[in-house]
Amino acid sequence: MRILALLLLLSGCGYLTVYRDTDTPISSQAVFDAERYTGIWHEVARFPVPFEAGCVGVTAEYQLRDDGLLSVLNICRNADGSEKSRIAGTAEIVGPGRLKVRFPSVPFVAADYWVLWVDEGYRTAVVGAPNGRSGWILNRDPQIPADRLAAARGILEFNGYDLSRLMEVSP
């Protein structure tokens, strides 16, 4: 009964919204260097997800651990720059550019987090989920050059995402 209530709650708050045509094949970055992916990424655009409602200046930090996992720290900020929330977890590399992300505060859930594209300099990345319920454009700096933003948007579109629902995020 609790699971049914949770599903109803999640569907009511929009988490079950799908932003991509799941009949379109999705592919992850074939050559993915986890060490180069580590560090801080700034969210410059995303598809709406309830856990980021009202967030600006969102960052994600990844670090390699001795056990082969990546540590993950996501920080959401208020419009005034103060920290609104943070969540820490781990990411297991389960294939080239394919991560399985777990947060201890969200038990029994592991999210598929696929790096769909990262530019040669590991300055800009596009992340999505095969189920189409999430997607992000990340950049090493809060401001992204127009050419890389256009390339990132093209990758999302190629993977079946509806770009009309993509929202830019304030730094």
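Our structure's up above, just so we're on the same page.
Since the model is a prediction, treat every value here as computed from it, not as a measurement.

Let us now look at the overall build of the protein chain. The helix and strand tally for the protein chain stands at three helices and nine strands. Reading the protein chain from its N end, one meets helices and strands in the order α-α-β-β-β-β-β-β-β-β-α-β. A compact globule built from 171 residues would reach a C-alpha radius of gyration of about 16 Å, and the protein chain, at 15 Å, matches this within 12%. Counting only C-alpha atoms and orienting by the principal axes, one finds that the protein chain spans roughly 50 × 40 × 40 Å. For the protein chain, buried positions account for 41% of its 171 residues.

If you trace the backbone, asparagine 139 turns up in strand 8 (residues 135–139). Judged by relative accessible area, which is 0%, asparagine 139 ranks as buried. Only 2.6 Å separates the side chain of asparagine 139 from the side chain of threonine 124, close enough to count as a polar contact. Looking at asparagine 139, its side chain comes within polar contact range of the main-chain oxygen of aspartate 141, at 3.0 Å.

Let us look at the packing of aromatic side chains. The full count for this structure, using the stated rule, is seven aromatic pairs. Ring geometry for tyrosine 37 against tyrosine 62: centres 5.1 Å apart, planes inclined by 50 degrees, an arrangement best described as tilted. Remark: tyrosine 62 occurs in strand 2 (residues 56–64) and tyrosine 37 occurs in helix 2 (residues 34–37); sequence separation between them is 25 residues. On the accessibility criterion, tyrosine 62 (2% relative accessible area) is buried. Considering the side-chain rings of tyrosine 113 and tryptophan 136, the 6.1 Å spacing of their centres and the 35 degrees angle between planes classify their relative orientation as tilted. Of this pair, tyrosine 113 sits in strand 6 (residues 110–118) while tryptophan 136 is found in strand 8, placing the two residues 23 residues apart along the sequence.

Enumeration according to the criterion identifies one disulfide in this entry. At a sulfur-sulfur separation of 1.9 Å, the disulfide partner of cysteine 55 is cysteine 76. Residues cysteine 55 and cysteine 76 share a disulfide whose torsion about the S-S bond is about -100 degrees; that sign makes it left-handed. With cysteine 55 in the loop between strand 1 (39–46) and strand 2 and cysteine 76 in strand 3 (residues 70–77), the pair connects residues that are 21 residues apart, well separated along the chain. Considered together, cysteine 55 and cysteine 76 belong to a single accessibility category, that of buried residues.

Moving on to the pattern of salt bridges. Under the defined criterion, the tally for this structure stands at seven salt bridges. Between glutamate 52 and arginine 46 there is a salt bridge, with its nearest N and O atoms 4.0 Å apart. The same class applies to glutamate 52 and to arginine 46, which are both buried. Residue arginine 123 pairs with aspartate 119 through a salt bridge whose shortest N-O separation is 2.7 Å.

Here is what the cut-offs are and how they apply
Note that residues are indexed from 1 along each chain, following the sequence as it is written. At least 70 in pLDDT is required for a residue's local features to be given in this predicted model, at least 80 for side-chain atom pairs to be given and counted, and no such filter applies to totals for whole chains, interfaces and linings, which use all residues. As a rule here, side-chain values cover all heavy atoms of the structure and leave hydrogens and water aside. Secondary structure follows DSSP: runs of H or I at least 4 residues long count as helices, runs of E at least 2 residues long count as strands, and numbering of each begins at the N terminus. Just to be clear, the radius of gyration here is over C-alpha atoms, and the globule rule we use is 2.2 Å times residues to the power 0.38. For the exposure calls, accessible area comes from a 1.4 Å probe over protein chains only, and a residue counts as buried if that area is under 20% of its type's maximum, exposed if over 50%, partly exposed in between. Under this definition, polar contacts are N or O atom pairs within 3.5 Å; protein pairs additionally need one hydrogen-donor-capable and one acceptor-capable atom, and for neighbouring residues in sequence, both atoms have to be side-chain atoms. For Phe, Tyr and Trp, rings pair up if their centres lie within 6.5 Å, where Trp contributes its six-membered ring, and each pair is then called stacked (planes under 30 degrees apart), edge-to-face (over 60) or tilted (otherwise). Only a pair of cysteine sulfur atoms within 2.5 Å counts as a disulfide in this structure description. The term salt bridge refers to a side-chain nitrogen of Lys or Arg lying within 4 Å of a carboxyl oxygen of Asp or Glu.

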